[in-house]
Structures are given as structure tokens and as C-alpha cells.
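# An overview of the molecular structure
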Amino acid sequence: MQKKGLAALLCLVMMMSVFTLAGCGSTAGSTATQAPATETAQAPAAGIPKDKIKVGFIYIGSAHDGGYSQAHDRGRQDMMETLGLTEDQVIVMEDVPEGADCEKAARDMIDNGCNVIYANSFGHGEWLANVAKEFPEVKFGHATGITTYDLPNYSNYMGRIYEARYLSGIAAGMKTKAGKIGYVAAMPIAEVVRGIDAFTLGVRSVNPAATVEVIWMNTWYDPALEKTTATTLLNNGCDVIAQHCDTTSPQVAAEEKGAFAVGYNSSTLDAAPKAYLTAPLFHWGKFYTADVQSAIDGTWKSQRYWEGLSAGVVALDDLSANCAEGTAEKVEAAKAKIMDGSLVIFSGPIKDNEGNEKVKAGEALSDAELESLQWFVEGVIGSVPTSN
Amino acid sequence: MFKIIKRPPLAEGRMFVLRILAVVFAIGASMAIIALLGHDPFKVMLEMIRGSVGSAYRIKETINKMVPLLTLSLGVCVAYKMKFWNIGAEGQFYMGAYGAGLVAFNFSHLPSYLLLPAMFAAGILTGGLWALIPALLKAKWETSETLVTLMLNYVAIRWVTYLQYGPWRDPKAAGLPRMMHFPETADLPKIGGIHIGWIIALFLVIVIYFLIRYSKLGYEITVMGENPRTAEYAGMNTFRILLVAIMISGGICGIAGVIQATGLEHSISPVLSSGLGFTAIITAWLSKLQPVTLVSVSFLFAMMLQGGNYLQSVMKVPSDVAGVIQGVILFFVLGSEFFTQYKIVRDKRQGEETRKVGA
């Protein structure tokens, strides 16, 4: 009897709390309108005082995944150090899937006082945008995204990692003896296709007969699958493995088979000391520091940030001792040319892997074309699955 | 040394005390674990409560978590009443969402007031039929429903994954393998910023309460659970009762899937359930299969889930702490079950009867 009474009581409390929610909606609304009002009272473009800044980071994986999310987390730490933010001024949510959970994570962060929120995965975008529409006073950043949904409080940010991938392709092309390189690929979106193409162009700039075999996994983060995929490629005769996925598993697989590997996102020589050649790296801290600083200064505005080697937001890791002789010179030469603009990676003539000329001599792909790239260059074994 | 003997049934009052003690011990043990992890256990507990009911927004999020949990628990309760160990709530949930998707994608032109009920009806049907497979296998060949329902979970999740990468893939997602969104007419209506899933769940509580308590079918289910032989001797059609009850069980789990798909995700994904289909087994068990008790137990567990989320963001405590606490509570409550039926006494000399019972 007692228990049932308790249950009924709880039930009642619940229902009451639900009815109070109508009230909650209006209070949230009033704080939302208050914030801009005080801003306009002071100055049109007043920023958020530094001690009032609270930044939320939504990661698709673990902050210690040894790869993609870890690179973002390093960027977060750089930003905090440079700007002098305290630990309570940052909230990190890890392992947030690309779905309604992302929306909830962003709302939780706002509930906890965040006024700048970043999400680091392509599929987070639309969920983040849902929240951005509702909270115009909060600033949002979506890494790897290709649209801002025309929202004034929503940015995309990305590094031209394909430039670094081109350089890593040189290292792989110099190393392969079999002339076969394997590529563990996440999802068939333009960003990944672009990386594979740039990598292959890099490989073939030093090793014109080499091929790059691609296997799609359809996930960003799955340590076990990343490893078995790499093993499949190794069994197919590849002796260097490259990757566009989030963990070090492909490098470990290469090490176990006595092959070599190009990492991604983070410097991971420790994970596979005998296999690791180098890796294209992100230095997200460059972006995070500048973006949060602009929120403090009041100069923050929606942008589509897409910078490369010259801005320092991407880089190639130090070449390990596993690299072939002469790699450093070739890489340095190409890097210098990319930085001074004399080497444009996607400049013609480029053929696709079915023999059609895609880019004519003297022309180059535009940023818009790069953002919707859906074909492989000559030398790639594999295809881009069409979405339907 | 020690021996275990069966004890006479305990009075209701003592049972209650025992169960409260179990929860107290569980909380104590959880706090010890939190302390071992290097956090202040009192602060963690306090923050967990604050994070789950500390503001209107958080209560809303807690209810959002409670609704599918409560619905799934109700679903498995019906099966457990019959001692049919349905641990396939997860799979029935996904098949329910699949049924809703079938309607949403094929009849997207329907107005909301027709589309949503049709989606729910389809979800009940697909969830129920999915549960019917292990029931039929059990009735015909006496297969273990525990194993079959468990395995069918993974089949259902893979089916959703297939749809996501295949026929229901969104062509507008720029290569991202994501399922199409439902039409906007398939969004569950909201009251005060919270979708009406909670009304559906509470309505189901009342339905199941009366079904078990006062209906003929409920009586038959209970008798079959107590002793299937008795049911047969009493002239009940046990085969029919099994199928109907399991259809209801799976159908309710299917409803949970439809609620999540229409209320939150507006689509289906292979992580839609967040594993609540398994948590529901714990909540159903802890509430002794009483629908009304289930409301408070589900709310408590939803508090732990939401509070766990909050802990992660505010105290940087891994949200898995909530999972650990749930496991510890289950451990202690199941342990207390044991002491309601048996007691340990000091063995002075070897006794014949004790060995029999102690086995």
C-alpha cells in the first residue's frame, strides 16, 4: 500500500512538473531576448566578457581516440591556454552520435550556460542547426560542414587537409614496394573523396604506376572494423595503409603485418612505431583560438572557414625514420610550392579512374566543385557509391 | 559451516523493509565506487539529482528519457507475467519504428491526424509480429525464448542499418548514409515544449494495470505464469493466450519505437533506442511487474540517465557512472529477493533435508 502511495505521489509530482514547463518556455524566451537587448544598450558589437565565455565541445568519438576527436581536444586545450580560460569555462561531451542526441547535447550545454558551441562531425550539422535557430544569442561552429543554413549565428570550419594528404601521399608513394597502397575510408562524402584523390595525386607524383585501393566502412569511428578493413587491404597485397577514419587501428594492423601506415589527425608514432610514416594533422587550436577571441571581441560573425597549410590549421607530421630515403626533400619541395601557390593540387590535366578527362590542362577545380567532389582520380581502385 | 534453508514467506511489511534496505545498501555501494573513482560521492549524488530535476529543462529531458523506458518496461511486463522471458524489447522497439517508417514514407501525403495514428497502428503490428516469432517457435518446438528474443534484437538493428544504407537512405544528405526524415506531419505533437509521448505512456500504464488486474486475459496470463499445467487443466487455450499476450508485449515495445522516432529523431537510426530495451528489463523486474510502481521506477532510472549526462558535462565524471549505479541497484535488489526466500543459518551438524534445499 505504502509503495503504491509513493508511486502515485511521484506520478503527481511528474505531472505537475510537466505543467510548469509551459512557464519554463516563456522564461527561456525572455532570457533569450534580454541578452541582445543589453548588448545594444552598451554598444552595437559588444562581445562576451572573457570571464563570461563558456564553450561547449561536442565530439563524435572519445577525446582520447588517438585520432580525430583527440585532435579537436588538443585544439580546445591550445585555445584555453592561449586565451587563459579556466576548466569550468569549458564543457566537453564525448561519443555523441549524429542524431537527436547531438541536439540534446547542445541543449544541455546551453542549459549549463554555454554561449559558444562546437560540434566536430559532419552529421552533427542539421541537429546543431535546429538548436541554433532556437538560440540566436548562442554562437555555433560545425566542423567539416558544408552549409551554415543561412543562420547568422552558425559557422562552418574546416582545414584544407587535402593539402597535407597530398604530402602524405608522397611519403607513401616513396615507401611502397608493391606499388599498392590501401586506404581505409569512412563515409563516401566529398571531404573523404577529396582526401583520397589528393593523396593519390601525391602518391603518383613520385610513383606514377602505384595504385590506391579504397574500402568504405560507412562509419567514422569503429576501432575493430577499422582494423579488419586494413587487414583485408593488406591481404590484397597492399604494403602501405592510409586512412580516413578516427583511430589508430589501421596503423596497428599494418604494424602486425610488417607493413607501413600513414596516420591521420594526430601524431601517433607510439601506436605503431615500426609502421608509422607520418600523418596529415589538424591544428584546430588555430581556429578555436581565433573564433573564441572574436566572440570576446564582439567581432564574431558567421563564416565558412576553410584554410590550409599556409594558415597552419593543417600540417604534415614529422616524417618518421620508417620513411624511404629522399622523402623529406620531395615533401619539402611540394610543401613550399603549395604554400607559395605554385602547386595547385586539383589542377588539370586530371583524369578520373574510368579514363574520362575531368579537369582540362590549365584549369583547376573551384572550392564549390571540391565541396561536392564525387569521383576518383586515375590510380584509385574503387568507386564512390551513389546515394541512390 | 553455513547452510542455506528455505524460509516461510515473509510478511508484506518485512519484505518492504528488506527492499528499502537493499536500495540503501546499493546507494552506499555506489557511493563507495564513486569515491574509488576519485570523486566526492555526496557531491556526485547531489549533482545527479540537480542535473535531472534541477530545472524545468532538465525535468523535461528526464521525462523524454522516461517515456520510452516506461513504455518498454510495460511491454516486457506483460510477457514476464506469463514467465515468458522476453529480452527482445530492443528488437521489437526497432521493428515498431520500422513499421512507423513504412507508413510515413509511403503515405506521406496524409494529414497528421490520419498519418500518426496509422504509424502507431503499424508500429504495434510490426513490433507485435516480431515478438510473435519467438513465441511461435517456443509453442511449436519449445525453443528458449530468452535466446531467440535476444538474437532477434540484432537482426532488427541490422535491418534498420540496411534500410539506412539502402532503400531509405536520404539522397539529399551529401553522401552521408543517413535515413530520410519523416514528413513534418509525422511529428508527435508537443505540449509545453515536450512531446506527448508521456501521455501515451501513462495511458498505457492504466490500460496494462486494468488488463492484468481485472480482465479475463490478464487472469489467464497470470495463471499461465504461475503454472501452465493448471491453465491447461482449467481448459484455457494456452496457445492462443500465449500468442495474444506476446503480441501485446511486442506491440507496446513497438509503440516505444514509434514514440522515439516521431517525438525526437523524426527518422530512424540504429542508435534510436540508446539501449533502453535492456534497461527496461531491469526496471520491469525492480517494480515487481506492477505497472503503477513502474512509473516511479522508470522515473528514477531516467533521472539516473539524465543525471549521468549532466555529470559528464559539469563534473567531468564519465556518464557510465549512472550505468554502474543501475547495475549495483539491480544486484542488491536481486540479492534481497534471495533473502526473502532463503536464510543462512549456522550449520551445527549435517542435516539431510538442508542439503536437498540448499542445492
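Residues numbered from 1 in each chain as written. Chains lettered and ligands numbered in written order. Predicted model: local features only at pLDDT ≥ 70, side-chain atom pairs only at ≥ 80, totals over all residues.

What follows covers the overall build of chain B. Regarding its fold elements, chain B presents 14 helices and four strands. Since a compact globule built from 359 residues should have a radius of gyration of about 21 Å, the 22 Å found for chain B is in line with a globular shape. The buried share among the 359 residues of chain B stands at 45%. (Helix = DSSP H or I, 4+ residues; strand = E, 2+ residues; numbered from the N terminus. Rg over C-alpha atoms; globule rule 2.2 N^0.38 Å. Buried ≥ 20, exposed ≤ 12 C-beta atoms within 10 Å, placed from the backbone.)

Another point: the overall build of chain A. Across its full length, chain A carries 11 helices and 15 strands. Taking all 388 residues of chain A together, 51% fall into the buried category. In chain A, once contacts between residues fewer than 6 apart in sequence are set aside, the share between residues at least 24 apart is 67%. (Contact = placed C-beta atoms within 7 Å.)

All names here are of chain A. By the element assignment, aspartate 352 lies in the loop between strand S13 (350–351) and strand S14 (357–359). Along the primary structure aspartate 352 and valine 380 are separated by 28 residues, whereas in three dimensions their C-alpha atoms are 8.6 Å apart. Beyond its immediate chain neighbours, meaning those up to four positions away, aspartate 352 contacts Lys358, Trp375, Phe376, Val377 and Glu378.

Bringing helix H6 (residues 145–165) of chain B into the picture now. All names here are of chain B. In this model H6 runs 30 Å from its N-terminal to its C-terminal C-alpha over 21 residues, within 8% of the 30 Å that 1.5 Å per residue would give. Every buried residue of H6 is listed here: Glu145, Thr149, Leu152, Asn153, Ala156, Val160, Leu163 and Gln164. End-on view of H6: buried residues confined to an arc of 125 degrees, all on one side of the axis. Exposed residues lying more than 90 degrees from the buried face of H6 are Met151, Tyr154, Arg158 and Tyr162. Packed against the buried residues of H6 are helix H4 (89–106) and helix H5 (112–141). (Expected span 1.5 Å × (residues − 1). Arc of directions from axis to C-beta.)

This part is about helix H5 (residues 161–175) of chain A. Every α-helical turn comprises 3.6 residues, leaving residues that sit three or four positions apart pointing alike. Along its 15 residues, H5(A) runs 21 Å from first to last C-alpha, staying within 8% of the 21 Å computed at 1.5 Å per residue. With 15 of 15 residues buried, H5(A) is to be regarded as a mostly interior element.

Residue and element names in this part refer to chain B. Taken as a whole, chain B shows an average pLDDT of 87; of its residues, 95% reach a score of 70 or greater. The secondary-structure element of chain B with the lowest mean pLDDT is helix H14 (residues 352–358), recorded at 49, while H4 shows the highest, at 96. Across the interface, the model reports ipTM at 0.75; the global pTM reads 0.77. (pLDDT = per-residue confidence, 0-100.)

Residue and element names in this part refer to chain B. On domain assignment, one finds that chain B holds domain 1 (1–39 + 319–359) and domain 2 (56–316). Taking only C-alpha atoms into account, the centre of domain 1 sits 31 Å from that of domain 2. Taken together, the contact pairs eight residues of domain 1 with 11 residues of domain 2. Looking at the side of domain 1 that touches domain 2 residue by residue, the class counts come to five nonpolar, three polar and no charged. (Domains from an automatic or database assignment. Nonpolar A, V, L, I, M, F, W, Y, C, P; charged D, E, K, R; others polar.)

Residue and element names in this part refer to chain A. What the domain assignment lists for chain A is domain 1 (52–159 + 284–311) and domain 2 (161–279 + 317–381). Opposite the 18 residues of domain 1 that make contact, domain 2 presents 20 residues. It is helix H2 (residues 68–83) that provides the largest number of residues to the side of domain 1 that touches domain 2, a total of four residues. Looking at the side of domain 1 that touches domain 2, its residues break down into seven nonpolar, 10 polar and one charged.

Further remarks concern the sheet that holds strand S11 (residues 304–307) of chain A. Residues and elements named next belong to chain A. Taken in spatial order, the six strands make up an open sheet running S2-S1-S3-S4-S5-S11, and their pairing is parallel. Every interior strand has two partners, whereas the edge strands, strand S2 (90–93) and S11, have only one. When strand polarity is set aside, the average angle formed by the axes of neighbouring strands in this sheet is 15 degrees. Where strand S4 (residues 139–143) meets strand S5 (residues 154–159), four bridges bridge the pair, whose relative direction is parallel. Within the sheet, the bridge partner assigned to histidine 142 lies in S5 and is asparagine 156. (Pairing = 2+ DSSP bridges. Axes fitted to C-alpha atoms, helices over the stretch in contact; angles between N-to-C directions.)

Residue and element names in this part refer to chain A. Packing of H5 against helix H10 (residues 327–340) leaves a shortest axis separation of 10 Å and a crossing angle of 160 degrees. Considering their axes alone, H5 and H10 lie roughly antiparallel with respect to each other. Handedness of the crossing formed by H5 with H10: right-handed. Counted together, Glu163, Tyr166, Leu167, Ile170, Ala171 and Met174 of H5 and Thr327, Lys330, Val331, Ala334, Lys335 and Ile338 of H10 form the full contact between these two elements. (Parallel < 35°, antiparallel > 145°, perpendicular 65-115°, else oblique. Left-handed = near helix turned anticlockwise from the far one by under 90°.)

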